[in-house]
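This is what each chain is made of:
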Amino acid sequence: MTGLFSGGVRMLHEEAVELTLQSLLAYWDRHEHVAVAWSGGKDSSATLTLIIHLIEAGYLPRPARLHVFYADTRQELPPIQRAADLMIALLKTRDWIEVTVVCAPLDKRFMVYILGRGVPPPNNNTLRWCTRQIKVEPMAEALGEAIAAMPGTALMITGVREGESAVRDGRIAMSCSKDGAECGQGWYQQVLPEAKGIKGRIATLAPILHWRVCTVWDWLRIYAPRPEFGRWPTAILADAYGGDDAEEVNARTGCIGCPLAAKDTALDVICDMPAWSHLAPLKELKPLYRWMREPAQRLRKSGVERLKDGSIAKNPQRMGPLTLEARSIALEQILDIQRRAHVDLINSEEEARIRELIAARTFPDKWAGDEPRADRWLDAVYQDGSVQPILFRDLVGS
């Protein structure tokens, strides 16, 4: 492979690519099937396009079928979604690649779950439900169904890379010697805990584990778009990470207006670009999510809530789901935002389902919908079980 990746503004680290190839070759033939988990982000996009190039250039044996699972959260930043749509179209021109677009079931999608069922937007402290529900679990289920219908085992390739997350790096360090993996051969594991019913039939490999972020951007912006490497539309991804300064800014956090991020740097950066300035109304999402989490928009448990053993629940006056009124208001505001931004946050199927669930007075389990609003009176519960009404505003002002 000497000289194959030279040229451009900056030389791609050939040693990094060579190590990736060695990692793939070490495990490629151990499994009957090969699949790629693709989120649409920079790391998984680099992994996917590089693997296809290595196959088409003859460095990797071409599998009878390469399975690509794309995680569509329905909340992706527009530049990333546009790049994904264009890449899917190119992938489908190859008859040996099968693309599966994975989306959460209708009632578990981000907007339907919040506005239809009434579950408040996620937060980092008590209710971080989004990633697992709209991305991890649907991908694991789709993979499980696909593998269950195939004989033998499968190798699932991911874009996991060291340096992206301290928590992730800790997991990598603890797992580097599992399942016969050797240092320098990627992060190989024979366990995918989220995929139920296919234990022992799937392994994961992270072949760009060792890549630095500059290597990722060299591939995406300089090499992958070239005809000899596939003419992939990956340069668009840079817009979601900071444009010309993507490597330094690294802005993308996840979903549009992510409620878990202190600041939506990615959206701010994108909206400053002339090509994406029409997305400015999307900046109204984060304040709307904060509004939905306020007590005035939510219900709360009242009185004493006792467990089966008779003891008092630890959080008897906890705040809960969104009121029907708040959900209806938020729905209209989000529909207005997406009209002005020319994006598809809630499609017609999701809007119809949200309205149906609101009309049916749907609430999460253990909530009837007749509980008091959370900004009104509360019952102060004491150790002896006695109750004294107090005003919520008295608690706030104390």
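Look a little higher up for the structure.
Worth saying up front: this structure is predicted, and the values here are computed from it rather than measured.

K.L.:
Tell me about the packing of aromatic side chains, and name the residues and values.
P.N.:
Here the structure, examined in full by the defined rule, presents seven aromatic pairs. Pairing tyrosine 223 with phenylalanine 229 gives two aromatic rings, centres 5.8 Å apart and planes at 85°, and the pair type is edge-to-face. With relative accessibility at 0%, the residue tyrosine 223 sits in the buried group. Given the relative accessible area of 4%, phenylalanine 229 is considered buried. When the ring centre of tryptophan 367 is taken as origin, the NZ or CZ atom of lysine 301, which lies over that ring, is 4.4 Å away. Seen from the ring of phenylalanine 363, arginine 327 lies directly overhead, with NZ or CZ sitting 5.0 Å from the centre.

K.L.:
Describe in detail the nonpolar core, supporting the description with residues and values.
P.N.:
Core analysis: the largest hydrophobic core is formed by 93 residues, its most contacted members being Leu282 and Leu345. With 14 residues, the next largest nonpolar core counts Ala37, Met150, Met156 and Ile202 among its residues.

K.L.:
So what's going on with the pattern of salt bridges? Which residues, and what values?
P.N.:
Applying the stated criterion across every chain yields a total of 17 salt bridges. Measuring nitrogen to oxygen at the nearest pair gives 2.9 Å for the salt bridge that ties arginine 340 to aspartate 336. Here aspartate 336 and arginine 340 lie together in helix H12 (residues 324-341), a separation of four residues that amounts to about one turn. Accessibility expressed as a relative area gives 35% for arginine 340, which makes it partly exposed.

K.L.:
Describe the side chain of serine 45, with residues and values.
P.N.:
Looking at the element boundaries, serine 45 is found in helix H2 (residues 42-56). Polar side-chain contacts of serine 45 include one of 3.0 Å to the side chain of tryptophan 38. Beyond its immediate chain neighbours, meaning those up to four positions away, serine 45 contacts Trp38, Gly40, Met87, Leu220 and Leu237.

K.L.:
Explain the environment of alanine 224 to me, and be specific about the residues and the numbers.
P.N.:
Assignment of secondary structure puts alanine 224 in the loop between helix H7 (213-223) and helix H8 (237-241). Using a relative accessible area of 0% as the deciding quantity, one classes alanine 224 as buried. Taking the C-alpha atoms as reference points, alanine 224 and alanine 46, separated by 178 residues in sequence, lie 8.1 Å from one another. In this view, alanine 224 contacts Thr49, Trp219, Phe229, Gly230, Arg231, Trp232 and Thr234; residues no more than four positions away in its chain are not counted.

The rules we used
- Residues numbered from 1 in each chain as written.
- Predicted model: local features only at pLDDT ≥ 70, side-chain atom pairs only at ≥ 80, totals over all residues.
- Heavy atoms only, no water.
- Phe/Tyr/Trp six-rings, centres within 6.5 Å; stacked < 30°, edge-to-face > 60°.
- Buried < 20%, exposed > 50% of the residue type's maximum accessible area, 1.4 Å probe, protein only.
- Lys NZ or Arg CZ within 6 Å of the ring centre and 35° of its normal.
- Core = buried A, V, L, I, M, F, W, Y, C linked by side-chain atoms within 4.5 Å.
- Salt bridge = Lys/Arg side-chain N within 4 Å of Asp/Glu carboxyl O.
- Helix = DSSP H or I, 4+ residues; strand = E, 2+ residues; numbered from the N terminus.
- Polar contact = N/O pair within 3.5 Å; in protein donor to acceptor, adjacent residues only side chain to side chain.
- Contact = heavy atoms within 4.5 Å.

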